[in-house]
Amino acid sequence: MFEARLVQGSLLKKVLESVKDLVTDANFDCSATGFSLQAMDSSHVALVSLLLRSEGFEHYRCDRNISMGAKNDGETNENELAGKKQREEHSD
């Protein structure tokens, strides 16, 4: 099971907004130590490497390593990224 909760979901939204212009396909890797992403841009010039450690979340639980794929088709719904609330939660 994977659960992650941030007190201020807008921070995650800002991070994802900054990455979406570079990366179209990415895998988010979740482990007991944190939530990470490593991906190249489409022209293979820029490398994006992101690590959000488990200590940075209000609540974080990852019982087994999980990889979640994400595709950016250019039409990002901001409400889907971080929602309208300040407190965000994701469960898998």
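Residues numbered from 1 in each chain as written. Predicted model: local features only at pLDDT ≥ 70, side-chain atom pairs only at ≥ 80, totals over all residues. Heavy atoms only, no water.

Summarising the sheet, strand 3 (residues 34-40) and strand 4 (residues 47-53) pair through seven bridges and their orientation is antiparallel. Each residue of the ladder has a partner; that of Gly34, found in strand 4, is Arg53. Two successive antiparallel strands, strand 3 and strand 4, enclose a turn made up of six residues, where His44 displays a positive phi of approximately 60°. (Pairing = 2+ DSSP bridges. Helix = DSSP H or I, 4+ residues; strand = E, 2+ residues; numbered from the N terminus.)

To continue, consider the packing of aromatic side chains. Each pair of aromatic rings is reported with the distance of its centres and the angle of its planes. What the rule picks out here adds up to four aromatic pairs. Summarising the aromatic geometry, the rings of Phe2 and Phe35 are spaced 5.9 Å apart at their centres and angled 15° between planes, so their arrangement reads as stacked. Here Phe2, found in strand 1 (residues 2-6), pairs with Phe35, found in strand 3; they are 33 residues apart in sequence, far enough to count as distant. Taking the relative accessible area as the measure of exposure, Phe2 reaches 2% and is therefore buried. Pairing Phe57 with Tyr60 gives two aromatic rings, centres 5.2 Å apart and planes at 40°, and the pair type is tilted. Like Phe57, the residue Tyr60 is buried in the burial classification. (Phe/Tyr/Trp six-rings, centres within 6.5 Å; stacked < 30°, edge-to-face > 60°. Buried < 20%, exposed > 50% of the residue type's maximum accessible area, 1.4 Å probe, protein only.)

Another aspect to go through is the sheet that holds strand 2 (residues 25-31). Here we have four strands laid out as an open sheet, ordered 4-3-2-6, and antiparallel in their pairing. The sheet is open, and its two borders are formed by strand 4 and strand 6 (66-71), each paired with just one other strand. In this sheet, neighbouring strand axes are inclined to one another by 15° on average, regardless of whether the strands run parallel or antiparallel. (Axes fitted to C-alpha atoms, helices over the stretch in contact; angles between N-to-C directions.)

Before going further, it helps to examine the side chain of Ser54. Residue position: Ser54 is located in the loop between strand 4 and strand 5 (59-62). Note on Ser54: relative accessible area 16%, which makes it buried. When neighbours within four sequence positions are excluded, Ser54 is seen to be in contact with Ala32, Thr33, Gly34 and Tyr60. (Contact = heavy atoms within 4.5 Å.)

Keep in mind these values describe shape, not function.
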